Amino acid sequence: MRHWLFKSEPDSYSIQDLRRDGSTFWDGVRNYQARNFMRDDMRVGDPVLFYHSNTEPLGVAGIARVSREAYPDHTALDPASPYFDPKAGPDDPRWYMVDVEFVEAFPRVVPLDAIRAAPGLARMPLVNKSRLSVQPVAPEEFDAILALGRDGTG
DNA sequence: GCCAACGTTGGC
DNA sequence: GCCAACGTTGGC
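The rules behind these values
- Residues numbered from 1 in each chain as written.
- Chains lettered and ligands numbered in written order.
- Predicted model: local features only at pLDDT ≥ 70, side-chain atom pairs only at ≥ 80, totals over all residues.
- Heavy atoms only, no water.
- Helix = DSSP H or I, 4+ residues; strand = E, 2+ residues; numbered from the N terminus.
- Expected span 1.5 Å × (residues − 1).
- Contact = heavy atoms within 4.5 Å.
- Buried < 20%, exposed > 50% of the residue type's maximum accessible area, 1.4 Å probe, protein only.
- Arc of directions from axis to C-beta.
- Polar contact = N/O pair within 3.5 Å; in protein donor to acceptor, adjacent residues only side chain to side chain.
- Phe/Tyr/Trp six-rings, centres within 6.5 Å; stacked < 30°, edge-to-face > 60°.

1. Things to note about helix 5 (residues 139-151)
Moving on, step 1. Taking 1.5 Å of rise per residue, the 13 residues of helix 5 would be expected to cover 18 Å, and the 18 Å separating its terminal C-alpha atoms lies within 8% of that figure.
Moving on, step 2. Of the surrounding secondary structure, the elements contacted by the buried residues of helix 5 are strand 1 (3-8), strand 3 (47-52), strand 4 (59-72), strand 5 (96-111), helix 3 (112-117) and strand 6 (134-137).

2. As for helix 2 (residues 32-41)
Moving on, step 1. Every buried residue of helix 2 is accounted for by Ala34, Arg35, Phe37 and Met38. Viewed end-on, helix 2 has its buried residues packed into an arc of 155°, placing them on one side of the element.
Moving on, step 2. The secondary structure elements touched by the buried residues of helix 2 are strand 1, strand 4, strand 5 and strand 6.
Moving on, step 3. Of the residues that open helix 2, the one with a side-chain oxygen 3.1 Å from the backbone nitrogen of Gln33 is Asn31.

3. Some words on the packing of aromatic side chains
Moving on, step 1. Under the definition given, this model contains four aromatic pairs.
Moving on, step 2. Taking the centre distance of 5.6 Å and the plane angle of 55° together, the rings of Trp4 and Phe37 count as tilted. Here Phe37 lies in helix 2 and Trp4 lies in strand 1, a separation of 33 residues in the sequence. Phe37 carries the same exposure label as Trp4, and that label is buried.
Moving on, step 3. Where Trp26 meets Phe50, the ring centres are 5.6 Å apart and the plane angle is 90°; that geometry is what we call edge-to-face. Separated by 24 residues along the polypeptide, Trp26 in the loop between strand 2 (23-25) and helix 2 and Phe50 in strand 3 bring together distant segments of the chain.
Moving on, step 4. Take Phe50: its relative accessible area is 0%, and that puts it in the buried class.
Moving on, step 5. Linked through ring pairs, Phe6, Trp26 and Phe50 together constitute an aromatic cluster.

Taken by themselves, the reported measurements are silent on function.
Structure, rendered in structure tokens:
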């Protein structure tokens, strides 16, 4: 089992939205590295850190879980979608998505600053490759952030 | 809202 | 296949 971190702008979709919905499809990923993680490496049950970007407070807001393995992202085929990609086709989906389900929302967001400052977490792509919107997380990194989140003192 | 970093595109 | 131009991301 691998661990992951997904970024989302809460103005578009927050951990509270996921709690309300129960589960959702993670559409709109248009980066090859992120796509490959989803398409090739994600399995049902993999734990996911749900990160809020471009907002205040900035940080990990809760936990989700992969609930369906990769399948074609249909928004790439929809000319009306902001995620439309003219190079995608029914026989060449090009882009993929997974489903994720809600697990828990932290009482308080674990701030990016705290993650940067925490011993052992500074090597996360979150810290030094911030533009990668879907990224792997080491089990011990996941556990450390989970502890900070449940502690609520973030 | 700005802008640095960086991934992608396309002309050559 | 290089690389300049361009567009997007995301922290600030």
